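Per-entry structural report
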Amino acid sequence: MTGTGSSTTLVPEPYVWTEPPLGDAKSAPTAFYTDPEVFRAEVQHIHLKTWFFAGRVEEVPQPGDYKALNTVGGPAILVRGEDGVLRAFANFCRHRASILLEGCGNANSIICPYHAWYYRLDGTLAGAPGMREVPKFEKPPHGLIPIRMEVWEGSVFLNYDENAPDLLTHLGNMPELLGSHRMGDMVRTWHVEIETKCNWKLLLENAMETYHTGIVHAATVGAQRSLSFPTVGEWHCIQVQANRSIAVLGQEPPFPVIEGLSEQSRKGTYFTLIEPTTQFACAQDCMWWLAVRPVAVDRSVLSVGGCFPRAYTELPDFAERAAPYYKRWEAVALEDVGILERQQVGLNSILARPGPLSWRDDMVLAMNRWVLARLPAHIRDGMGA
Ligand code: FES
Ligand SMILES: [Fe+2]
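Some remarks on the sheet that holds strand 13 (residues 235–241)
Here 7 strands make up an open sheet; going across it, the order is 11-17-16-15-14-13-12 and the pairing antiparallel. Every other strand in the sheet has two partners, leaving strand 11 (186–196) and strand 12 (226–229) as the edge strands with one partner each. In this sheet, neighbouring strand axes are inclined to one another by 20 degrees on average, regardless of whether the strands run parallel or antiparallel. Examined bridge by bridge, strand 12 and strand 13 share 4 bridges and lie antiparallel to one another. Looking at the pairing, Phe229 lines up with Cys237 of strand 13. Packed on one face of the sheet, helix 8 (residues 318–347) meets strand 11, strand 16 (287–296) and strand 17 (299–309) and runs near 25 degrees to strand 11. Contacting strand 12, strand 13 and strand 14 (268–274), helix 9 (residues 362–373) crosses the sheet at an angle of about 170 degrees to strand 13.

In structure tokens, the structure reads:
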């Protein structure tokens, strides 16, 4: 996928698409969204090898704060140690694998609810009742298993592949475009998780095109126009053109424009996809994420969360001002999920065939290609892709 301009600059274009010619490009084969074998290949070759969003550092600000989450590689926890360092571990006991923590909270140590082995906040095994009588047992090899973690601008990413390129390499020139939003100075104030009956890719494709917005979101955000950015790195970007925040509906945005926001960023809201499952949407006054957790070929969990600059969250009337944003984020997400579950049902038809793409589907094509390029040849060939 290359743009019609330089691929190293961040100048928006109507669409980022050179071939195949418009009129020849088609949506992906239906097996891409319906075949469990394709899903298994995606997990193995994509999800377990790339960075995915796990939350925000301010969700676990104090020593002992933890957050448990389900990931495509299994249960995980983020824990802040007594030394103030944030770490990520697999959330299971090294004895016989019980889950250790659930939800969010604060703890002095991590105690297994099954046979009470207990771990320090840095993951080391502190005690294992009755194990002194067991020959050859030693505590040091049985600490919690760390998961690779990196933080960018307050957002925590995990990766199950020790050999994957680092997060900044993955993000390419994204920090250049989104830098002036200063997401590191933002605070997550709202979050929902929505269980969906559709393939993970449908949720993300939908979030990267405005072809549908005038129809699916007629009662909320309405029709939108976007420009596409040629990008460098494992991400895609469009900007919905609007000279004021589209994170609230039908009213003047209750919050001012972020201080120091770049000229380009004032022109609209960026919708990005950090491959493969993380979307950051950045408006003039806030950011929100869509992070998708693939569960099965036709099941996904959609996490949506909203963040505002810290100074806004300290205003005495913050909750009142922020309420319409939360309402909009949830309403629009549910509208999308509604249509995507219908799309999944249609894709399940034995008569379903790839359809011609619109020029407004440019990011859908880019995203399909990104995934297809990472699947083994026999899977691609088996789909007719
Ligand atoms: S499974 Fe944790 S102590 Fe036995
Ligand atoms: Fe939508």
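Brief notes about the side chain of Lys67
Inspection of the secondary structure puts Lys67 in strand 2 (residues 65–71). Using a relative accessible area of 11% as the deciding quantity, one classes Lys67 as buried. Only 3.1 Å separates the side chain of Lys67 from the backbone oxygen of Ala54, close enough to count as a polar contact. Among the polar contacts made by the side chain of Lys67, one reaches the side chain of Glu59 at a distance of 3.1 Å. With residues near it in sequence (within four places) discarded, Lys67 still touches Ala54, Gly55, Glu59, Val60, Ala76, Ile77, Leu78, Gly103 and Cys104.

Section: the coordination of the iron ion (ligand 2)
Coordination of the iron ion (ligand 2) by the protein involves His212 (NE2), His217 (NE2), Asp336 (OD) and Asp336 (OD), with metal-donor separations of 2.1 to 2.6 Å. Expressed as a motif, the donor residue spacing for the iron ion (ligand 2) is H-x4-H-x118-D. Placement of His217 in the loop between helix 6 (213–216) and strand 12 and of Asp336 in helix 8 is noted, with a sequence separation of 119 residues between them. Classification of His217 as buried rests on a relative accessible area of 2%. When its relative accessible area of 11% is taken as the criterion, Asp336 is described as buried.

Re the environment of Glu320
Examined against the element boundaries, Glu320 turns out to sit in helix 8. Here the alpha-carbon distance between Glu320 and Pro254, two residues 66 residues apart in the chain, equals 9.3 Å.

Some words on helix 2 (residues 36–45)
Among the residues of helix 2, those classed as buried are Val38, Phe39, Ala41, Glu42 and Val43. Its buried side turned inward, helix 2 meets helix 1 (31–34), helix 5 (200–206), strand 16, helix 9 and helix 10 (377–383).

Topic: the domain arrangement of the chain
What the domain assignment reports for the chain is domain 1 (31–50 + 174–383) and domain 2 (53–150). The distance between the C-alpha centroids of domain 1 and domain 2 comes to 31 Å. At the interface, 14 residues of domain 1 touch 8 residues of domain 2. Approximately 960 Å² of surface area, both sides summed, lies buried where domain 1 meets domain 2, with 65% of it carried by carbon and sulfur atoms. Sorting the residues of domain 1 by area buried against domain 2 places Arg188, Trp289 and Arg293 first, and these three jointly supply 41% of that buried surface. Linking domain 1 with domain 2 are 1 salt bridge. Notably, a salt bridge pairs Glu59 with Arg188, separated by 3.1 Å at the nearest N-O pair.

How each quantity is defined
- Residues numbered from 1 in each chain as written.
- Chains lettered and ligands numbered in written order.
- Predicted model: local features only at pLDDT ≥ 70, side-chain atom pairs only at ≥ 80, totals over all residues.
- Heavy atoms only, no water.
- Pairing = 2+ DSSP bridges.
- Helix = DSSP H or I, 4+ residues; strand = E, 2+ residues; numbered from the N terminus.
- Axes fitted to C-alpha atoms, helices over the stretch in contact; angles between N-to-C directions.
- Contact = heavy atoms within 4.5 Å.
- Buried < 20%, exposed > 50% of the residue type's maximum accessible area, 1.4 Å probe, protein only.
- Polar contact = N/O pair within 3.5 Å; in protein donor to acceptor, adjacent residues only side chain to side chain.
- Donors = N, O, S within 2.8 Å, 3.2 Å for Na, K, Ca; no water.
- Domains from an automatic or database assignment.
- Buried area = accessible area lost by both parts, 1.4 Å probe.
- Salt bridge = Lys/Arg side-chain N within 4 Å of Asp/Glu carboxyl O.

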